[in-house]
Amino acid sequence: MTIGERIKSARIGAGLSQRNLAREMGLSAMAISKYENGEIVPRSGLLIQMSEILGVNVDYFFRSISVNLSEPQYRCRKPLKKKEANQVHAKVREWLERHLEIELILGEERTLTLPSKETCRVASPDGIEDAARRVRDEWSLGLDPIENVMDVLEQHGIRVGVIDAPDTFDALTFYYDDNTPVIAVNNDTPGDRQRFNLAHELGHLLLQVEGGVDEEAAAHRFAAAFLVPKEMAFRELGQRRRNISPREFYLLKHKWGMSMSAWLHRAAELGIISKSTAERLWTLFNQNKWREREPGVPLPQEHPTNMKLLVLRALSEKKISTSRAQELLGGEQPGEQCVESF
C-alpha cells in the first residue's frame, strides 16, 4: 500500500470522512483527497499530527506488509451499516498487518490445522453435537471447560483480533490470502458473549451443512455444544428437570464461560427442561431484563496471547526495540506496562 492508501485506510478505520479529518487538522478536504490519491506526500509533521488523530503509530504509514481481506463471510447478531463495515474491515487489516509483521521478524508462522470437511458434515442436530465433540477430540480439549477460546483458535492457525468497534458489531470472519481465516471480535463485549461469538464463527468455518439444516441455527448449536458438550450439560443439570434456578445458571456461566441465556437455551434444546418450563424461565429473564444485561459479576473478557508472546520474544532476543514492540502491539493493547518494564 502507498502512503496515500494507508492514510485513507486509517481514516476509514477511525470512522472519519475526508471533511472531518481536514477539520481536525486545520486543512481543506481537497488537501486530504490529494494525500489519499497520492498527488501530494504530506510532510513528516503532518503525518505525526495525522497519526495522533487517527489513532495509529506514525510507522504505520511506512509499513512494508500489506494484506487484502475477503468480504466478511459470516456475521453475528446484526448486519453492519456500510460505514461501520468499512471501519471494522480497516481496523482488522491494520491489526493483521502488525500480526504478520512480528511473525516475519521471527520467521515463524502458525500452521492452519482444521478438522476435515468429512468430520464436520452435518444433517441434523445430533450430527452437530457429534461434530462439536469430534472437534474437541481432534484438538485434544477433552470435556472440561475451555480456559481461553481465543488461544485455542490461535493455536490451530486461526487469527483472532480484538478491535474497538460499534456496539452493533459482535464478530466477523474474513479470509486473507484466500486461505487463512481471521476472526475479529468487539473489544467492548462481555466475556461470555465474546466466547460464544468465537465458537459461533468457528461453527460457520467448519460445518458442512446438508439436508436443509439452517446454517445460522447450526452454528448456534455448534457453539453451545463446543463450549459445553452435552455429556457435561447432563452432568451439571441432570437428565430431566422440572425447574432450574437462575442461580444455577449464574454459577455455570462462571464455570463454563457461557451466558445464563445460552445455558437456558442449552437446557431446552437437550430436553433437560420442557418447553413450558423454558417459556416460564424466558419470561422471568425478560421481566428482569437479563437478556440485555445478566445479573451479578460479568465474565471477564478474553485476550489473545500469541501475538504478545511473539512480540515479547522478539524484544527479549533484541530483534526489536521497546518502541517497536509497543507499535506492534498497537499502543492500546493490554500488557503494555509489561513491555515497558523490559
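To keep things clear, this report deals only with the structure shown in the data block. Not measured: the values here are computed from a predicted model.

Some thoughts on the environment of Leu 100
Tracing the backbone through its elements, the reader meets Leu 100 in helix α5 (residues 82-106). Spatially, the C-alpha atom of Leu 100 lies 7.7 Å from that of Ile 65, the residues being 35 residues apart in sequence. Those residues in contact with Leu 100, other than ones at most four positions away along the chain, are Ile 65, Val 67, Arg 159 and Tyr 176.

Points about the pairing of strand β4 (residues 171-176)
Counted residue by residue, β4 has 5 buried out of 6 residues, so it is predominantly covered. Sheet topology note: the β4/strand β5 (residues 180-186) ladder contains 6 bridges and is antiparallel. In the strand pairing of β5, Thr 173 is matched with Ile 183. From the end of β4 to the start of β5, which pair antiparallel, there are 3 residues, and Asp 177 there has a positive phi angle of about 60°.

A short note on the pattern of salt bridges
With the rule as written, the count across this model stands at 26 salt bridges. Across the pair Glu 94 and Arg 63 runs a salt bridge, and its minimum N-O distance is 3.3 Å. Pair noted here: Glu 94 is in helix α5 and Arg 63 is in the loop between α4 (44-54) and β1 (74-75), with a separation of 31 residues, a long-range link. Its relative accessible area of 6% is what places Arg 63 among the buried residues. Note that Asp 170 and Arg 193 form a salt bridge whose closest N and O atoms lie 3.1 Å from each other. Of this pair, Asp 170 sits in the loop between β3 (159-163) and β4 while Arg 193 sits in helix α8 (residues 191-206), placing them 23 residues apart in sequence.

Focus on the side chain of Arg 136
On the secondary structure map, Arg 136 appears in helix α6 (residues 125-138). For Arg 136, which is buried and forms no salt bridge, the nearest opposite charge comes from Asp 144, at a distance of 7.0 Å. Ignoring sequence-local partners within four residues, the contact set of Arg 136 consists of Leu 141, Gly 142, Leu 143, Asp 144, Ile 146, Phe 226, Leu 227, Pro 229 and Trp 256.

Quick notes on the packing of aromatic side chains
Counted by the stated rule, this structure contains 6 aromatic pairs. Both rings, one in Tyr 60 and one in Phe 61, keep their centres 5.5 Å apart while their planes meet at 70°; by these two values the pair is edge-to-face. When its relative accessible area of 2% is taken as the criterion, Tyr 60 is described as buried. Between the aromatic rings of Phe 249 and Phe 285, the centroid separation amounts to 6.4 Å while the plane-to-plane angle is 75°, which identifies the pairing as edge-to-face.

Let's talk about the packing of helix α11 (residues 246-256) against helix α12 (residues 260-269)
One way to put it is that α11 packs onto α12 with a least axis distance of 8 Å and a crossing angle of 110°. Classified by the angle their axes make, α11 and α12 are roughly perpendicular. Packed against α11, whose contacting residues are Pro 246, Phe 249, Tyr 250, Leu 252, Lys 253 and Trp 256, the element α12 presents Met 260, Trp 263 and Leu 264 at the interface. Among the residues making up the contact of α11 with α12, the classes are represented as 8 nonpolar, no polar and 1 charged.

Here we look at the environment of Trp 282
Tracing the backbone through its elements, the reader meets Trp 282 in helix α13 (residues 275-287). A residue is classified by how much of its surface remains accessible, and Trp 282, at 18% relative accessible area, is buried. Placed 19 residues apart in sequence, Trp 282 and Gln 301 show a C-alpha to C-alpha distance of 25 Å. For Trp 282, the contacting residues outside a window of four places in its chain are Ser 261, Leu 264, His 265 and Arg 291.

What about the nonpolar core?
The biggest cluster of nonpolar side chains holds 55 residues, and the ones touching the most others in it are Leu 153, Phe 222, Phe 226 and Trp 263. Excluding its chain neighbours within four sequence positions, the residues that come into contact with Phe 226 are Ala 132, Val 135, Arg 136, Trp 139, Leu 141, Ile 146, Ala 199 and Leu 202.

Side note on the packing of α6 against helix α9 (residues 215-227)
The interhelical angle for the contact between α6 and α9, taken along N-to-C directions, is 45°, at an axis separation of 9 Å. When the axis of α6 is compared with that of α9, the two are oblique. The two elements α6 and α9 cross, and the hand of that crossing is right-handed. Every residue of α9 that contacts α6 at Pro 125, Ile 128, Glu 129, Ala 131, Ala 132, Val 135 and Arg 136 is listed here: Ala 218, Arg 221, Phe 222, Ala 225, Phe 226 and Leu 227. Taken together, the residues that form the contact of α6 with α9 break down as 10 nonpolar, no polar and 3 charged.

Definitions and cut-offs
- Residues numbered from 1 in each chain as written.
- Predicted model: local features only at pLDDT ≥ 70, side-chain atom pairs only at ≥ 80, totals over all residues.
- Heavy atoms only, no water.
- Helix = DSSP H or I, 4+ residues; strand = E, 2+ residues; numbered from the N terminus.
- Contact = heavy atoms within 4.5 Å.
- Buried < 20%, exposed > 50% of the residue type's maximum accessible area, 1.4 Å probe, protein only.
- Pairing = 2+ DSSP bridges.
- Salt bridge = Lys/Arg side-chain N within 4 Å of Asp/Glu carboxyl O.
- Lys, Arg positive; Asp, Glu negative; His and termini not counted.
- Phe/Tyr/Trp six-rings, centres within 6.5 Å; stacked < 30°, edge-to-face > 60°.
- Axes fitted to C-alpha atoms, helices over the stretch in contact; angles between N-to-C directions.
- Parallel < 35°, antiparallel > 145°, perpendicular 65-115°, else oblique.
- Nonpolar A, V, L, I, M, F, W, Y, C, P; charged D, E, K, R; others polar.
- Core = buried A, V, L, I, M, F, W, Y, C linked by side-chain atoms within 4.5 Å.
- Left-handed = near helix turned anticlockwise from the far one by under 90°.

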